[in-house]
Amino acid sequence: MPDIYILAPELSELVYSSDTALDLRLALELMLKDGRNGWISTNLDIVEAVFDAGHASVILQGDYFGVGDVTLIAARTQILLTVFANPSIQTATITLNGDTIGNLGVSNSLMAKPADYVFTRAEIEAYLAENLYVSP
């Protein structure tokens, strides 16, 4: 990501409960309403947030707008980091208007993911390890 986008954890008062689906919905609502976002989401609804046996299924519907692919990639990453911040979640399918969020910001069809793409915790942890900020 260019230096203009820094994705960092945000502390919240949210305390994990025994209802992972509800926790996920609340975390996503906080993230989507964060005024520091570099993208605009309008009429965006969390249609469904379901959790079962380590797998989260999230359906988003509405509009996401960002200038340039990198902005949408940052938005996608923010959603994924929010979902996988919950240690109970091991895999997740997350769609926006029927397509995986994995295609947000993808401008080359060779890099496109199927609509039902399943993200894994290992994939997110590898991303975090590769993109860890190191102070100069």
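Heads up: these notes are all about the structure in this document. (Residues numbered from 1 in each chain as written. Predicted model: local features only at pLDDT ≥ 70, side-chain atom pairs only at ≥ 80, totals over all residues. Heavy atoms only, no water.)

**With respect to the side chain of Thr-93**
So the rule is basically this: Under the scheme used here, helices are H or I runs from DSSP no shorter than 4 residues and strands are E runs no shorter than 2 residues, and both carry numbers assigned from the N terminus. When checking whether two residues touch, look at their non-hydrogen atoms; a contact exists if any pair is within 4.5 Å.
Mapped onto the fold, Thr-93 is located in strand 3 (residues 91–96). When neighbours within four sequence positions are excluded, Thr-93 is seen to be in contact with His-55, Ala-56, Ser-57, Val-58, Asp-116, Tyr-117 and Val-118.

**So, the nonpolar core**
Rules: Definition of nonpolar core: a set of buried residues of the types Ala, Val, Leu, Ile, Met, Phe, Trp, Tyr and Cys, connected through side-chain atoms within 4.5 Å. Using a 1.4 Å probe on the protein chains alone, a residue whose accessible area is under 20% of its type maximum counts as buried, one over 50% counts as exposed, and one in between counts as partly exposed.
Tyr-64, Ile-79, Val-83 and Ile-94 are the most contacted members of the largest nonpolar core, which totals 27 residues. Where this core is concerned, the elements lending two or more residues are helix 1 (20–32), strand 1 (40–52), strand 2 (55–65), helix 2 (69–84) and strand 3. In terms of residues, this core owes the most to one element, helix 2, which gives seven residues. Setting aside its immediate chain neighbours within four residues, Val-83 contacts Leu-24, Leu-28, Ile-89, Ala-92 and Ile-94.

**Focus on the layout of surface pockets**
The following threshold applies: A cavity here means a set of points on a 1 Å grid, drawn over the protein atoms and nothing else, where a 1.4 Å probe fits but cannot get out; a pocket is an open set with protein on both sides within 12 Å along at least five of seven lines, and a residue lines either one if it has an atom within 4 Å of a point. Grid points are joined across faces, edges and corners, and a volume is the space filled by probe spheres set on the points. Classification convention: Asp, Glu, Lys, Arg as charged; Ala, Val, Leu, Ile, Met, Phe, Trp, Tyr, Cys, Pro as nonpolar; all other residues, Gly among them, as polar.
Its boundaries defined by the atoms lining it, the second largest pocket holds a volume of some 390 Å³. Lining of the second largest pocket is provided by 17 residues; of these, Arg-76, Gly-102, Lys-113, Glu-123 and Tyr-127 occupy positions nearest its centre. Among the elements of the structure, helix 2 and helix 3 (121–130) are those that each provide at least two residues to the lining of the second largest pocket. For the lining of the second largest pocket, the per-class residue count stands at nine nonpolar, five polar and three charged.

**Brief notes about helix 2**
Condition: Expected helix span is taken as 1.5 Å per residue step, with the number of steps being one fewer than the number of residues.
The end-to-end C-alpha distance of helix 2 is 22 Å, a good match for the 22 Å that 16 residues give at a rise of 1.5 Å each. In terms of burial, helix 2 is largely enclosed, as twelve of its 16 residues are buried. When we look at burial in helix 2, the residues that qualify are Thr-71, Leu-72, Ala-74, Ala-75, Arg-76, Thr-77, Gln-78, Ile-79, Leu-80, Thr-82, Val-83 and Phe-84. Structurally, helix 2 contributes buried residues whose contacts are with helix 1, strand 2, strand 3, strand 5 (119–120) and helix 3.

**A look at the environment of Ile-101**
Here Ile-101 shows up in the loop between strand 4 (99–100) and strand 5. Overall, Ile-101 belongs to the buried group, its relative accessible area being 0%. Distance in space between the C-alpha atoms of Ile-101 and Gly-62 is 12 Å, their sequence separation being 39 residues. Other than its neighbours up to four places away in sequence, Ile-101 contacts Arg-76, Ile-79, Leu-80, Ile-94, Thr-95, Leu-96 and Phe-119.

**A look at a nonpolar patch on the surface**
The test is simple: A residue counts toward a patch only above 30% relative accessible area and without a salt bridge, and it is joined to like-charged neighbours within 9 Å or, for Val, Leu, Ile, Met, Phe, Trp and Tyr, to nonpolar neighbours within 5 Å. Throughout, the Shrake-Rupley method with a 1.4 Å probe supplies accessible areas, and for residues the shown protein chains are the sole cover considered. A side-chain nitrogen of Lys or Arg and a carboxyl oxygen of Asp or Glu constitute a salt bridge if their distance falls within 4 Å.
On the surface, Ile-40, Phe-65 and Val-67 cluster together into a nonpolar patch covering about 330 Å² of accessible area. On the secondary structure map, Val-67 appears in the loop between strand 2 and helix 2.

**Here's the deal with the packing of helix 2 against helix 3**
Applied cut-off: Lines fitted to the C-alpha atoms define the axes, with helices restricted to the stretch that makes contact. Angles between their N-to-C directions range from 0 to 180 degrees. Comment on the angle field: the value is read as roughly parallel under 35 degrees, roughly antiparallel over 145, roughly perpendicular from 65 to 115, and oblique elsewhere. Handedness of a crossing follows from how the near helix is turned relative to the far one, being left-handed for an anticlockwise turn of less than a right angle and right-handed for a clockwise one.
Relative orientation of the contacting elements helix 2 and helix 3 amounts to 120°, with a least axis distance of 11 Å. Regarding the angle of helix 2 to helix 3, the classification is oblique. Regarding helix 2 and helix 3, the two cross each other, and that crossing is left-handed. Contacts between helix 2 and helix 3 involve Thr-77, Leu-80, Leu-81 and Phe-84 from the first element and Arg-121, Ile-124, Tyr-127 and Leu-128 from the second.

**Details of the pairing of strand 3**
Keep this limit in mind: Strand pairing is defined by DSSP finding a minimum of two bridges between the two strands. When the strands point away from the viewer, a crossover counts as right-handed if the route from the first strand across the helix to the second turns clockwise.
Most of strand 3 is tucked away: five of the six residues are buried. Bridging between strand 2 and strand 3 involves six bridges; their strand directions are parallel. Among the inter-strand pairings, Val-58 is bridged to a residue of strand 3, identified as Ile-94. Read as a crossover between parallel neighbours, the route from strand 2 over helix 2 to strand 3 is right-handed. Looking at chain direction, strand 3 and strand 5 are connected through two bridges and run antiparallel. Directly across from Ala-92, in strand 5, lies its bridge partner Phe-119.

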